[in-house]
Amino acid sequence: QVQVVESGGDLVQAGGSLRLSCTASGNIFRVDDMAWYRQVPGKQRDLVATIRSNGETIYADLMESRFTASRDNAKNTIYLQMNSLKPEDTGHYYCNAKIYWGTLGWKFDEVWGQGTLVSVSA
């Protein structure tokens, strides 16, 4: 089996910075697309950014110029660097990954992490 785990969320004051991390682990053969999502109370889970296995980043509507998404394939990890945080950035941030796994990479799962909470106070 495979999984992803997010970390880095915290309670911070407006103007502060956070770096979120998401690492895939398990019997991994190859990690394909990974992505960051955000969910706030009463709303659906919305895409922030997709980071392809070649490192290309595709921004969605929620992506801010204050944020930078990146990927380290050697670590099976994606990051979301969040600077100049605002209260509007508050939400539960989830990681999604599409993973080929097993010794020969014949198995496939799309997995979600349990999320990490970012809370920005004014």
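Before reading further, recall that the structure is shown in the block above.
Residues numbered from 1 in each chain as written. Predicted model: local features only at pLDDT ≥ 70, side-chain atom pairs only at ≥ 80, totals over all residues. Heavy atoms only, no water.

Across the sheet, four strands lie side by side as β1-β3-β8-β7; this open sheet has antiparallel pairing. The two strands at the open ends of the sheet, each matched to only one other strand, are β1 (2–7) and β7 (67–72). Shown here is a sheet whose adjacent strand axes are inclined to one another by a mean of 15°, direction ignored. Both β7 and strand β8 (residues 77–82) contribute to a ladder of six bridges, which runs antiparallel. In the strand pairing of β8, aspartate 72 is matched with threonine 77. (Pairing = 2+ DSSP bridges. Helix = DSSP H or I, 4+ residues; strand = E, 2+ residues; numbered from the N terminus. Axes fitted to C-alpha atoms, helices over the stretch in contact; angles between N-to-C directions.)

Here we take up the pairing of strand β9 (residues 91–101). β9 sits mainly inside the fold: eight of its 11 residues count as buried. Across three bridges, β9 lies against strand β11 (residues 116–121) in antiparallel orientation. In the sheet register, glycine 91 faces β11, and the bridge partner there is valine 118. In this sheet, strand β10 (residues 107–112) lies alongside β9 in antiparallel orientation, the contact comprising six bridges. Looking at the pairing, isoleucine 99 lines up with aspartate 109 of β10. (Buried < 20%, exposed > 50% of the residue type's maximum accessible area, 1.4 Å probe, protein only.)

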